[in-house]
Amino acid sequence: MCSADKSDAWMLCPQCDLMNKLPDIPVGSRASCPRCQTSLTANWHEPRRRPTGYALAALFMLLLANLFPFITMKVAGLSSQISLAEIPQVMVSEDYSSLATLFLLFVQAIPAFCMITILLLVNPVPLPNSLKLGLARILFQLRNWGMAEIFMAGVLVSFVKLMAYGDIGLETSFWPWCLFCLLQLRAFQCIDRRQLWQSIAPLPALPHPPKVGVTGLQQDLRSCPCCTAILPADQRHCTRCGVVASVRRKHSLQWTLALLLTSVILYIPANLMPIMVTETLGSAYPSNIMAGVILLWSDGSYPVALVIFIASIMVPTLKMLAIGWLCWDAGGRGRHDSHKMHLIYEVVEFVGRWSMIDVFVIAVLSALVRMGQLMSVYPAWGAVLFALVVILTMIAAMTFDPRLTWDRVHANNVKEPRLDGN
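Keep in mind it's a predicted model, so treat the numbers as computed, not measured. Counting of residues starts from 1 at the beginning of each chain's written sequence and follows it residue by residue. Note on the predicted model: pLDDT of at least 70 is required for a residue's local features to be given, and 80 or more for side-chain atom pairs to be given and counted; whole-chain, interface and lining totals, by contrast, use all residues. Excluded from the side-chain calculations are hydrogens and water; all other atoms, namely the structure's heavy atoms, are used.

Trainee: I tried to follow the overall build of the chain on my own but got confused; where do I start?
Mentor: Helix and strand counts for the chain come out as 14 helices and 12 strands. When we talk radius of gyration, it's over C-alpha atoms, and the globule rule is simply 2.2 Å times the number of residues to the 0.38. Here the chain has a C-alpha radius of gyration of 24 Å; the compact-globule value for 422 residues is 22 Å, and the two agree. Viewed in the frame of its principal axes, the chain has a C-alpha envelope of about 75 × 50 × 35 Å. Partly exposed describes any residue whose relative accessible area lies between the buried limit of under 20% and the exposed limit of over 50%, with all areas from a 1.4 Å probe on protein chains only and scaled to the type maximum. Taken across its 422 residues, the chain has 52% of its residues classed as buried. Only heavy atoms enter the contact rule, under which two residues are in contact if any of them lie within 4.5 Å. Taking the contacts inside the chain whose residues are at least 6 apart along the sequence as the reference set, 72% of them involve residues at least 24 apart. Here the open area of atoms and residues is found with the Shrake-Rupley method and a 1.4 Å probe, where only the protein chains shown may cover a residue. With the model as given, the accessible surface of the chain reaches about 19200 Å², and the carbon-plus-sulfur share is 64%. Each helix corresponds to a stretch of at least 4 residues labelled H or I by DSSP, and each strand to a stretch of at least 2 residues labelled E; elements are numbered beginning at the N terminus.

Below, the structure is given as structure tokens:
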């Protein structure tokens, strides 16, 4: 066994499993894997004060955003005003509690919980060690499920749609919400997973001296997916954070393909069924995703039509094809171009959740456009199915193990890389 203090200098890349010896990283710089360019760790300036300040400011802006009106719409002498808290209330009143729950979770609850968790973990708050471990394990898992900035993009798209029918006014809470979106993103950017875990619990001693530039699999070592500790390959329980895992995610391809198949099955009715119903002067006009894109294009809103088409039709379709391609390649049937497949995986991870824009557009429209017989907008079941497709494809990308795309690279073909801070 190697001493625990030497463990700080070593890290297995979570994406390609390459063993790296970390250099001395200057303040304000980060170290990346030389093989797949994944960011490994960063040395942030003021690692406690900066995330604390951003998180506190974000929570204050979130409070202000929920206290005052958000948007106002005026049509033919009638006006409608909503606050952020009223959006889920309207969806519940229309028997769409599922969409209301998604809005509350992704837009409000998860971002707020993450900000509170950052405050508790980066500061010396007297908490039980088991609670700190639990919060740290949850924090980075929830990061991709906070969608405040995606809701903001949905609001902007809603403005373009509504400007054709009346006057749109930005109320008091709109500006605090914009600041909240920026501040919570910045708070996350100033948190480094490895440094945060080192402040919670020490790294376990290395099982044996590692070799730089060789994969963990070839050295009978594995990386903890939660706290990045290096463990023996046959040790399933991490002695640092308590997470149970194995050398590779168990049944990764089977789970990914099952979730992918389910999302494909749901994607067909999600595109054919109406996602919202517009009621004007007593007449109802249901519309699906493609009909909304065509209507925006015919009205001359070309940029918004392209945004909706890309986010709601092109991205989900390409994402499902990309996940299927990744599984095909990881199963040993591809051309073994690991660098290209890794790039595809990173793109899939990044763009997948942005497909929720259309769901948030419907949430804003259904809450704001309540003009009685003159004009009203209601969500439809297509929106629920489409939201499920987005969620399932996100989970499918999470269950896929990107290290599988690198496992076929023979050790003799891999030059010993040098890790530089950049």
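Trainee: Any chance you could explain the pairing of strand β3 (residues 29–32) here in plain terms?
Mentor: Remember that side chains alternate between the two faces of the sheet whenever the strand is regular. In short, DSSP must find at least two bridges between two strands for them to pair. Sheet analysis places β3 next to strand β4 (residues 39–43), joined by 4 bridges and oriented antiparallel. Across the sheet, residue Arg-30 finds its bridge partner in β4, namely Ala-42.

Trainee: How do you make sense of the sheet that holds strand β11 (residues 283–287) when you look at a structure like this?
Mentor: Pairing between the strands of a sheet comes from backbone hydrogen bonds, and it takes one of two forms, parallel or antiparallel. Judged by pairing direction, the sheet is antiparallel, and its 3 strands sit side by side in the order β11-β10-β12 without closing on themselves. The sheet terminates laterally at β11 and β12 (375–379), the two strands that pair on one side only. Direction aside, the axes of adjacent strands within the sheet are offset by 20 degrees on average. Looking at chain direction, strand β10 (residues 276–280) and β12 are connected through 5 bridges and run antiparallel. By the bridge assignment, Thr-278 is partnered in β12 with Val-377. Only the stretch in contact is used when fitting a helix axis, every axis being a line fitted to C-alpha atoms; angles between N-to-C directions are given from 0 to 180 degrees.

Trainee: Is there a simple way to think about the side chain of Ser-158 in this case?
Mentor: Mapped onto the fold, Ser-158 is located in helix α6 (residues 148–162). Reaching out from Ser-158, the side chain makes a polar contact with the backbone oxygen of Gly-154 at a distance of 2.8 Å. Once residues lying within four places of it in the same chain are set aside, the contact partners of Ser-158 are Val-361, Val-364 and Leu-365. In protein, a polar contact means a hydrogen-donor-capable atom and an acceptor-capable atom, both N or O and within 3.5 Å, with residues adjacent in sequence counting only if both atoms are side-chain atoms; elsewhere, any N or O pair within 3.5 Å suffices.

Trainee: Is there a simple way to think about a nonpolar patch on the surface in this case?
Mentor: Each patch groups residues whose relative accessible area exceeds 30% and which form no salt bridge, using 9 Å between like charges and 5 Å between nonpolar side chains of Val, Leu, Ile, Met, Phe, Trp and Tyr. What makes a salt bridge here is a side-chain nitrogen of Lys or Arg within 4 Å of a carboxyl oxygen of Asp or Glu, nothing more. Among the surface-exposed residues, Trp-297, Tyr-302, Leu-306, Ile-310, Met-314, Leu-318 and Leu-321 lie close enough to one another that they form a single nonpolar patch of about 690 Å² accessible area. The topology assignment puts Leu-318 in helix α11 (residues 302–333).

Trainee: Which parts of the structure should I look at to understand empty space enclosed by the protein?
Mentor: Definitions used for this entry: grid spacing 1 Å over protein atoms alone; cavity, a set of points where a 1.4 Å probe fits but cannot get out; pocket, an open set with protein on both sides within 12 Å along at least 5 of 7 lines; lining residue, one with an atom within 4 Å of a point. Grid points are joined across faces, edges and corners, and a volume is the space filled by probe spheres set on the points. The final tally for this structure, using the stated rule, is 4 cavities of 30 Å³ or more. Roughly 90 Å³ of volume is contained in the largest cavity. As for the largest cavity, its lining consists of Asn-144, Lys-319, Val-348, Glu-349, Arg-353, Met-394, Ala-397 and Met-398. Where the lining of the largest cavity is concerned, the elements lending two or more residues are α12 (338–351) and α14 (381–399). Looking at the lining of the largest cavity, the element that brings in the most residues is α14, giving 3 residues. Here the nonpolar group is Ala, Val, Leu, Ile, Met, Phe, Trp, Tyr, Cys and Pro; Asp, Glu, Lys and Arg are the charged ones; every other residue, Gly included, is treated as polar. Within the lining of the largest cavity, the residues separate by chemical class into 4 nonpolar, 1 polar and 3 charged.

Trainee: Which parts of the structure should I look at to understand the nonpolar core?
Mentor: Within soluble globular proteins, side chains that are nonpolar tend to cluster in buried spots. Definition used in this section: a nonpolar core is a set of buried Ala, Val, Leu, Ile, Met, Phe, Trp, Tyr and Cys residues joined via side-chain atoms within 4.5 Å. Counting residues in hydrophobic clusters, the biggest one holds 122 residues, and the most contacted among them are Phe-151 and Trp-177. Among the elements that make up this core, the one with the highest residue count is helix α4 (residues 97–122) (14 residues). With near-sequence residues (within four places) excluded, Phe-151 lies in contact with Phe-70, Leu-84, Ile-87, Phe-103, Val-107, Trp-177, Phe-360 and Val-364.

Trainee: It is not clear to me how the packing of aromatic side chains should be interpreted in this structure. Could you clarify?
Mentor: Two numbers describe a pair of aromatic rings. These are the distance of the centres and the angle of the planes. Pairing of aromatic rings covers Phe, Tyr and Trp, the last counted by its six-membered ring, and requires centre-to-centre distances within 6.5 Å; plane angles under 30 degrees mean stacked, over 60 mean edge-to-face, and any other angle means tilted. Scanning the entire structure with this criterion turns up 11 aromatic pairs. Ring centres 5.8 Å apart and planes at 45 degrees place the aromatic pair Phe-70 and Phe-174 in the tilted group. In this pair, Phe-70 is assigned in the loop between α2 (49–67) and β5 (71–75) and Phe-174 in helix α7 (residues 174–189), connecting sequence segments 104 residues apart. Accessibility assignment for this pair places Phe-70 and Phe-174 in one class, buried. Members of the aromatic cluster, connected to one another through ring pairs, are Phe-70, Phe-103, Phe-151, Phe-159, Phe-174, Trp-175, Trp-177, Phe-180 and Phe-360.

Just distances and angles here, no functional claims.
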